[in-house]
Amino acid sequence: MQIMLIGGGKLIYHLAKNLISKGHFVIIVNKDRNYSKEIARKLKANIIYGDGSDPEILEDAGIYKTDVLVALTGKDHENLFICMMAQKYFGVERTTALVNDPDNEFLFSELGVTSIFNITDLLGSLIEQNVVYEDISNLLTLEGGKLSVTQYIIPDDAPAAGKTLKEIDLPLSIVLGGIIRDGDIVIPRGSTVIKSGDKILIISLPEEQAMAIKILGGEED
Amino acid sequence: MYIVIIGCGRTGSNLAGLLSQKGHDVVVLDKDTYSFNKLPVEYSGFKVEGDTLEHDVLKNAKINTADIIVVTTGDDRINYMVTQMAREIFKVPKVMVRIVDPENTYMFEDLASVETFSPINLLVDSFIKKIERIEG
């Protein structure tokens, strides 16, 4: 696949490295001369020095043959403009953009940007949960953060400790995927008793995660 | 009419002053307070300072109740995003936008309720008209 990346920084460098190692043809467009020179030495990719929102630069870079365009600059108006230009003017089928201001996610998807990474929200919620609750680790999120899988360790004084799942009033939209107890896996059923020290896998919507943890562990939010 | 003007540069400040004198309700928005100095003394509308691309700033300027917004910043990419925000999110019935590089005009084509103005095209047109008049 031919993939065009627009932007700079460590993110582009590492992303390009991974894509190249998987056999994709990568083009990077960057408007900083020194950065362009530096990565041109390090990567087996086409590096184009120029402004990614200039149609002539994109044409020189080979946008007509590009399968996916990825706009990763730190400015939302540049990312939006580049993606819309690629779709409208050059007929690129798939565009991906970084959204820096979470408020812009709706606009980007409404206008037809194929995939959107809301970096501030993603990073913010990961860091927040790690800082606020040490017993919680976010294992992964799916579909760009729409579903989250979280591991939670039941504390000693948890209201759920010693109760069966049936007794705990957990909303139907929150699913417990498994319990790790002393290294063994217990598949949770209605009659399973929760014990303190259990590592529980919680599958839920990100916004319901806090509720699940409150019910199980009684932490204040 | 309630008119919101985005960008208080030479174009925006001039336009804001004239519209306000004609009795329209005008709000002008810019990220730099200093640029409000360009507004003429007769200007009697509001000034909102802030990043035009932030939803809260646009809400502050009550853009959702505007009859017209005029987008005049010097960056086509910012103008494009503000235009789309005004259309898609705040449902402004009429957007007028200044285009710096005439090559970018196609980005605004077939957007309902959007009208574009390119100073360079206007200038070139009037040159050509003058020249043809001399010829004829």
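Residues numbered from 1 in each chain as written. Chains lettered and ligands numbered in written order. Predicted model: local features only at pLDDT ≥ 70, side-chain atom pairs only at ≥ 80, totals over all residues.

> How do you make sense of the nonpolar core when you look at a structure like this?
As a rule of thumb, soluble globular proteins bury nonpolar side chains together. In this structure, Met4(A), Leu5(A), Val4(B), Ile5(B) and Ile69(B) are the most contacted members of the largest nonpolar core, which totals 68 residues. Here the element with the most residues in this core is helix H4 (residues 76-88) of chain A; it accounts for seven residues. Sequence-distant contacts of Met4(A), defined by excluding residues within four places in its chain, comprise Ile27(A), Val29(A), Ala61(A), Ile63(A), Thr66(A), Leu69(A) and Val70(A). Core analysis: the second largest hydrophobic core is formed by twelve residues, Ile154(A), Ile202(A), Ile213(A) and Leu216(A) among them. (Core = buried A, V, L, I, M, F, W, Y, C linked by C-beta atoms within 7 Å. Buried ≥ 20, exposed ≤ 12 C-beta atoms within 10 Å, placed from the backbone. Helix = DSSP H or I, 4+ residues; strand = E, 2+ residues; numbered from the N terminus. Contact = placed C-beta atoms within 7 Å.)

> Hey, could you run me through the packing of H4(A) against helix H3 (residues 76-88) of chain B in this one?
The geometry of a pair of packed helices is captured by two quantities: the angle between their axes and the separation between those axes. It is at 8 Å that the axes of H4(A) and H3(B) come closest, and there the two elements cross at 85°. Classified by the interaxial angle, the pair formed by H4(A) and H3(B) is roughly perpendicular. Packed against H4(A), whose contacting residues are Asp76(A), His77(A), Glu78(A), Leu80(A) and Phe81(A), the element H3(B) presents Arg77(B), Ile78(B), Tyr80(B) and Met81(B) at the interface. Class assignment of the residues belonging to the contact of H4(A) with H3(B) gives a composition of five nonpolar, one polar and three charged. (Axes fitted to C-alpha atoms, helices over the stretch in contact; angles between N-to-C directions. Parallel < 35°, antiparallel > 145°, perpendicular 65-115°, else oblique. Nonpolar A, V, L, I, M, F, W, Y, C, P; charged D, E, K, R; others polar.)

> For this particular structure, what's the right way to read the sheet that holds strand E1 (residues 2-6) of chain A?
Hydrogen bonds between backbone atoms are what pair the strands of a sheet, whose relative direction is either parallel or antiparallel. Residues and elements named next belong to chain A. Taken in spatial order, the six strands of this open sheet run E3-E2-E1-E4-E5-E6, and their pairing is parallel. The sheet is open, and its two edges are formed by strand E3 (46-49) and strand E6 (115-118), each paired on a single side. Neighbour-to-neighbour, the strand axes of this sheet turn through a mean angle of 15°, independent of strand direction. Seen against the sheet, helix H1 (residues 9-21) touches E1 and strand E2 (25-30) and runs at an angle of roughly 165° to E2. The strands that helix H2 (residues 33-42) touches are E2 and E3; relative to E3, the one it contacts most, it runs at about 170°. (Pairing = 2+ DSSP bridges.)

> Explain the pairing of strand E5 (residues 95-98) of chain B here, please?
Regular strands show a simple pattern: their side chains alternate between the two faces of the sheet. All names here are of chain B. The sheet contact formed by strand E4 (residues 68-71) and E5 spans three bridges and is parallel. Along E5, the bridge assignment pairs valine 70 with methionine 96. What joins E4 to E5 is H3, and the crossover it makes is right-handed. Direction of pairing for E5 relative to strand E6 (residues 114-117): parallel, over a ladder of four bridges. (Right-handed = clockwise from strand over helix to strand, strands pointing away.)

> I would appreciate a short explanation of the interface of chain A and chain B in the present structure.
Often, the extent of an interface is quoted as the loss of accessible area upon association of its parts. Taken together, the contacts link 16 residues of chain A with 14 residues of chain B. Broken down by secondary-structure element, the contributors of at least two residues to the side of chain A that touches chain B are H4 and helix H5 (105-110) of chain A. No other element matches the eight residues that H4(A) contributes to the side of chain A that touches chain B. Residue composition of the side of chain A that touches chain B, by class: eight nonpolar, two polar and six charged.

> Any chance you could explain the sheet that holds strand E2 (residues 25-30) of chain B here in plain terms?
All names here are of chain B. One open sheet accounts for six strands, arranged E3-E2-E1-E4-E5-E6; its pairing is parallel. The sheet is open, and its two borders are formed by strand E3 (46-49) and E6, each paired with just one other strand. When strand polarity is set aside, the average angle formed by the axes of neighbouring strands in this sheet is 20°. Pairing geometry for strand E1 (residues 2-6) and E2, over five bridges, is parallel. Across the sheet, tyrosine 2 pairs through a bridge with aspartate 25, a residue of E2. Contacting E1, E4, E5 and E6, H3 crosses the sheet at an angle of about 180° to E5.

> Help me understand unusual backbone geometry, please; the structure alone is not making it clear to me.
Excluding glycine, a negative phi dihedral is what most residues carry, and trans is how most peptide bonds are arranged. Look at Asp182(A): it is not a glycine, yet its phi comes out positive at around 50°. Even without being a glycine, Lys62(B) presents a positive backbone phi close to 55°. You can see Lys62(B) is positioned in the loop between helix H2 (55-60) and E4. Classification of Lys62(B) by C-beta neighbours within 10 Å gives partly exposed; the count is 15.

> When you look at the environment of Arg87(B) in this model, what are you seeing that I'm missing?
All names here are of chain B. Residue position: arginine 87 is located in helix H3. For arginine 87, a count of 21 C-beta atoms within 10 Å puts it in the buried group. For arginine 87 and aspartate 67, which are 20 residues apart along the polypeptide, the C-alpha to C-alpha distance reads 12 Å. Setting aside residues up to four positions removed in sequence, arginine 87 forms contacts with Val92, Val95, Leu111, Ser113 and Val114.

> What exactly am I supposed to notice about the environment of Lys214(A) here?
Residues and elements named next belong to chain A. Mapped onto the elements of the fold, lysine 214 is located in helix H7 (residues 209-217). A tally of 13 C-beta atoms within 10 Å means that lysine 214 is categorised as partly exposed. When the C-alpha positions of lysine 214 and asparagine 104 are compared, they lie 31 Å apart, and in sequence the two are 110 residues distant.

> What is the right way to look at H7(A) in this model?
Along an α-helix, residues three or four apart share an orientation, since each turn contains 3.6 residues. Residues and elements named next belong to chain A. Buried residues of H7: Gln209, Ala212, Ile213, Leu216 and Gly217, and no others. The buried residues of H7 occupy one face: seen down the axis, they fall within an arc of 100°. Elements that come into contact with the buried residues of H7 comprise strand E7 (136-142), strand E8 (147-153) and strand E11 (199-204). Just downstream of H7 lies glycine 218, where phi reads positive at about 75°. (Arc of directions from axis to C-beta.)

> Any chance you could explain H3(B) here in plain terms?
In this model H3(B) runs 18 Å from its N-terminal to its C-terminal C-alpha over 13 residues, within 8% of the 18 Å that 1.5 Å per residue would give. Taken together, the buried positions of H3(B) are occupied by Asp76(B), Arg77(B), Ile78(B), Asn79(B), Tyr80(B), Met81(B), Val82(B), Thr83(B), Gln84(B), Met85(B), Ala86(B) and Arg87(B). (Expected span 1.5 Å × (residues − 1).)

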